[in-house]
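# Remarks on the overall topology
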Amino acid sequence: MMNKIIHVVKGRTVEIISIISALLLWQLVAEFIVRNKFFLPSIVDVISAFVTIFQRPSTLELGSLAIEMPVILVDILRSLLHFSIGMGAALIIGIPIGMMMGWFTTFNRMFDPIIEMFRPIPPLAWIPFAIIWLGLTPASAGFLIFIGAVFPIIINTFTGLKNVPKVYVEAAKVLGCKKDRDLIRYIAMPSALPSIAAGIRIAIGVGWMCLVAAEMFGVSKYGLGFKIWHHYYLHQMDMVLVYMVVLGLLGLLIDKFLRYVIDEHLLKWQAGVVR
């Protein structure tokens, strides 16, 4: 086990040196150039703040069940709840709409003007309606994440189905696959999967960035985005940086997990094509 760890570390020497160098540079700039904890906390300040937050107890309420855990974990779970609501709705709505637009010309002509009219509107502009329609609830935060994530999914799904090679469809028809339902299931979807997967990755990135805006108007007293603004108002910039770092690391883990699922399961048949 130890030899395996040493082998992995040796293979990542450049990455490890890069990260350590960046952290040292951060510490030196904060300590000797900026010298103001409010403008730029040092890495030591951030680590100290993280330890403080991790030791601070809080309660996660699940209906009638109350579980005591560090406040940072409660914030993470609350943000993941908001994110799951928004991304789940974006996938459920975005993929079918993109498929219909890409396969049926009539649907494309119906939906395209509406989508292109609403797509440029920033998710932040929907905050007043999110509050009015859904109140200060996790659903309203999920709604803003949905607005940011649904359009990349629709566009990439549409593009994937629109670019299915015609020869595939004609060959399937010759072999007896006549119905649109079967053509979409067995021909169009497998061919469009790389484009759909790329759209989902983009949507996750956009939705994760919308998380801070979705939580800033107080849908809950917990959440990574909410705590960034909460500690900013208290001028605790070391705490702000802790939550920023956690946001970045969680975003990285989510993307890595998605890439693993896509590469090892959905698009395993592509392995070796260009790698």
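All of the points below concern the structure found in this document. Residue numbers restart at each chain and count upward from 1, following the sequence in its written direction. Given that the model is predicted, a residue must reach a pLDDT of at least 70 before its local features are reported, and side-chain atom pairs must reach 80 or more before they are shown or counted; all residues, however, enter totals for whole chains, interfaces and linings. Values shown for side chains rest on all heavy atoms present in the structure; no hydrogens or waters enter the calculation.

### What to know about the nonpolar core
Residues grouped as a nonpolar core are buried Ala, Val, Leu, Ile, Met, Phe, Trp, Tyr and Cys residues, joined through side-chain atoms within 4.5 Å. The rule is simple: take the accessible area with a 1.4 Å probe, protein chains only, and divide by the maximum for that residue type; under 20% is buried, over 50% is exposed, in between is partly exposed. Of all hydrophobic cores here, the largest spans 70 residues; its most connected members are L144 and L224. Those elements that place two or more of their residues in this core are α3 (43-55), α4 (71-103), α6 (127-134), α7 (138-162), α8 (166-174), α9 (180-215), α10 (224-233) and α11 (237-266). No other element matches α9, which puts 15 residues into this core. By definition in these notes, contact holds between two residues if any of their heavy atoms fall within 4.5 Å. For L144, the contacting residues outside a window of four places in its chain are P123, W126, I127, A130, C210, A213, A214 and F217. Secondary structure follows DSSP: runs of H or I at least 4 residues long count as helices, runs of E at least 2 residues long count as strands, and numbering of each begins at the N terminus.

### What to know about α10
Residues of α10 that are buried include every one of L224, G225, K227, I228 and H231, and no others. One side of α10 holds all its buried residues, which, seen down the axis, span an arc of 165°. Positive backbone phi, approximately 60°, marks H235, located one or two places after α10. Regarding the arc, it is the one traced by the directions from the helix axis to the C-beta atoms.

### Observations regarding the packing of α6 against α7
Where α6 meets α7, the axes come as close as 9 Å, and the angle between the chain directions of the two elements is 145°. Our pair here, α6 against α7, has a crossing hand that is right-handed. Residues I127, A130, W133 and L134 of α6 touch α7, and the partners they reach there are A139, S140, F143 and L144. Any residue outside Ala, Val, Leu, Ile, Met, Phe, Trp, Tyr, Cys, Pro, Asp, Glu, Lys and Arg is labelled polar, Gly included; the first ten of those are nonpolar and the last four are charged. When the residues that make up the contact of α6 with α7 are grouped by side-chain class, the tally is seven nonpolar, one polar and no charged. Only the stretch in contact is used when fitting a helix axis, every axis being a line fitted to C-alpha atoms; angles between N-to-C directions are given from 0 to 180 degrees. The sense of a crossing depends on the near helix, which, turned anticlockwise from the far helix by less than a right angle, makes the crossing left-handed and, turned clockwise, makes it right-handed.

### Let's talk about unusual backbone geometry
At R35, a residue that is not glycine, the phi angle is positive and equals roughly 50°. By secondary structure assignment, the location of R35 is in the loop between α2 (13-34) and α3. The exposure class assigned to R35 is exposed, which follows from its relative accessible area of 67%. Of note in this structure, H235 is not a glycine but carries a positive phi near 60°. With respect to the helices, strands and loops of the structure, H235 is situated in the loop between α10 and α11. For H235, a relative accessible area of 54% translates into the label exposed.

### Focus: the environment of V219
Along the chain, the position of V219 falls in the loop between α9 and α10. Exposure remark for V219: the relative accessible area of 8% places this residue in the buried category. When the C-alpha atoms of V219 and I131 are compared, they prove to be 8.8 Å apart, with 88 residues separating the residues in sequence. When residues no more than four places from it in sequence are discounted, the contact partners of V219 are H82, L136, T137, S140, A141 and A214.

### Re the pattern of salt bridges
Pairing is possible between side chains that carry opposite charge, provided their charged atoms lie close to one another. Whenever a carboxyl oxygen of Asp or Glu lies within 4 Å of a side-chain nitrogen of Lys or Arg, that contact is scored as a salt bridge. Inspection of every chain in the model, using the stated rule, returns four salt bridges. Two residues, D238 and K37, come together in a salt bridge whose shortest N-O distance is 3.6 Å. Taken together, the residues span a long stretch of sequence, with D238 in helix α11 and K37 in the loop between α2 and α3 at a distance of 201 residues. In this structure K37 comes out as partly exposed when scored by relative accessible area, which is 47%. Residue D75 pairs with K227 through a salt bridge whose shortest N-O separation is 3.2 Å. You can see D75 sitting in helix α4 and its partner K227 sitting in helix α10, a full 152 residues away along the chain. As far as burial versus exposure is concerned, D75 and K227 are alike and both buried.

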